[in-house]
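# A look at the structure
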Amino acid sequence: MGAGEERRILVTGAMGQIGLELIDALIAKFGSDNIIATDIREPENDYDFNFEKLDVLNKQNFEQIIVQNKINQVYHLAAILSATGEKNPELCWKINMDGLLNVLELSRKYKFRIFAPSSIAVFGPDVGKIALQSSPQNPTTMYGVTKSAGEQIAEYYHSVHGVDIRGLRYPGLISWKVLPGGGTTDYAVEIFHKATASQNYTCFVSEETRLPMMYMDDAIKATMQIMDVPSEKLSIRGGYNLPSLNFSALELYEKIKQKLPNFNCQFVPDHRQEYADSWPDQTDGSIAESEWGFQLDYDLDSLCSIMIASLQK
Ligand SMILES: NC(=O)c1ccc[n+]([C@@H]2O[C@H](COP(=O)([O-])OP(=O)(O)OC[C@H]3O[C@@H](n4cnc5c(N)ncnc54)[C@H](O)[C@@H]3O)[C@@H](O)[C@H]2O)c1
């Protein structure tokens, strides 16, 4: 799309944890007439945005919506996440890969810009504590396999077919508006819901588990920011590492307890511990910082304050 051209934006998987927040931010910036939210499922509550039901595997319908609405940017969020993906690896591959391929092929034809998120799940147990941009990608979950392959296919469509695709390796995202959709980092959201409802929480990873995390507003900021960077400034198309917060599950509990002293949490790891153990503790986001100036606004303390205050309202 050319500079100054009006944005016509479509979001896939828009009813998910990230989508519902991204839509609000896009509407605030570009106006509700220019945003089309789509998902395979209908919105749960009353809504005041444009919505179309779309299964990203239905390429014909996808194409129709793109053409009818003169779309020039797609935020492609439709996916199956890690815990759900391990239960149904075939579905995870189908939606994450075929869905992405459909967007890429449609962009080849209609020349729209794509945002397609990757994940820290591209890394595997050999990554070490801090994942660098170039750390090896040996994922041990089907979800990670699809994200790693997704990065490669994004690089291929960019370099060979000129598709303007951009991606971020999101860490675990902590937000209060929407419950997360079956990922391994969900404990860092669930714990706040229990704490603010004056209930105890049983955390499904161990006390010492550390995973890269970020407050949702920082993720939305990065998502909007990367879509505005001039194409020639981007050296990576599959997924930029982002700087992330680094705290253990116990440290998160202790921070919440400082603010809500009656809250109690116990740690009883389940099968998701294995996925958590295969991922890094922290990510090095220095390339995103130097190439397009990304910075986190929230640390653990401000994240906890805003999560608790928002959920208590
Ligand atoms: N939330 C996180 O912590 C996190 C971390 C890393 C990466 N990501 C990535 O960000 C993206 C969005 O994640 P999220 O947390 O919002 O996920 P989510 O599970 O909350 O939402 C995904 C949405 O996709 C929809 N969907 C599923 N199959 C579909 C299909 N065939 N057609 C259309 N829609 C379909 C679902 O109905 C759901 O609303 C995904 O690509 C995910 O891998 C998320």
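Note that the coordinates shown come from a computational prediction; the quantities given were computed from them, not determined experimentally. (Residues numbered from 1 in each chain as written. Predicted model: local features only at pLDDT ≥ 70, side-chain atom pairs only at ≥ 80, totals over all residues.)

### Details of the site of the ligand
The environment of the ligand is made up of 29 residues, and the closest members are G13, G16, A78, A79 and G181. Of all the elements in the fold, those that place two or more residues in the shell around the ligand are helix 1 (17-30), helix 4 (89-110) and strand 10 (172-174). For the shell around the ligand, the element with the highest residue contribution is helix 1, accounting for 3 residues. The residue inventory of the shell around the ligand, partitioned by class, reads 15 nonpolar, 11 polar and 3 charged. Two domains each put at least three residues into the shell around the ligand: domain 1 (9-172 + 216-241) and domain 2 (173-213 + 245-280 + 298-312). (Near = placed C-beta within 6 Å. Helix = DSSP H or I, 4+ residues; strand = E, 2+ residues; numbered from the N terminus. Nonpolar A, V, L, I, M, F, W, Y, C, P; charged D, E, K, R; others polar. Domains from an automatic or database assignment.)

### Thoughts on the domain arrangement of the protein chain
What the domain assignment lists for the protein chain is domain 1 (9-172 + 216-241) and domain 2 (173-213 + 245-280 + 298-312). Each of domain 1 and domain 2 was reduced to a C-alpha centroid, and the two centroids are 25 Å apart. The partner domain 2 presents 22 residues to the 28 residues of domain 1 that form the contact. Listing elements by their share of the side of domain 1 that touches domain 2, those giving two or more residues are helix 1, helix 3 (82-87), strand 7 (130-131) and helix 7 (216-228). When its residues are assigned to classes, the side of domain 1 that touches domain 2 shows 15 nonpolar, 9 polar and 4 charged. (Contact = placed C-beta atoms within 7 Å.)

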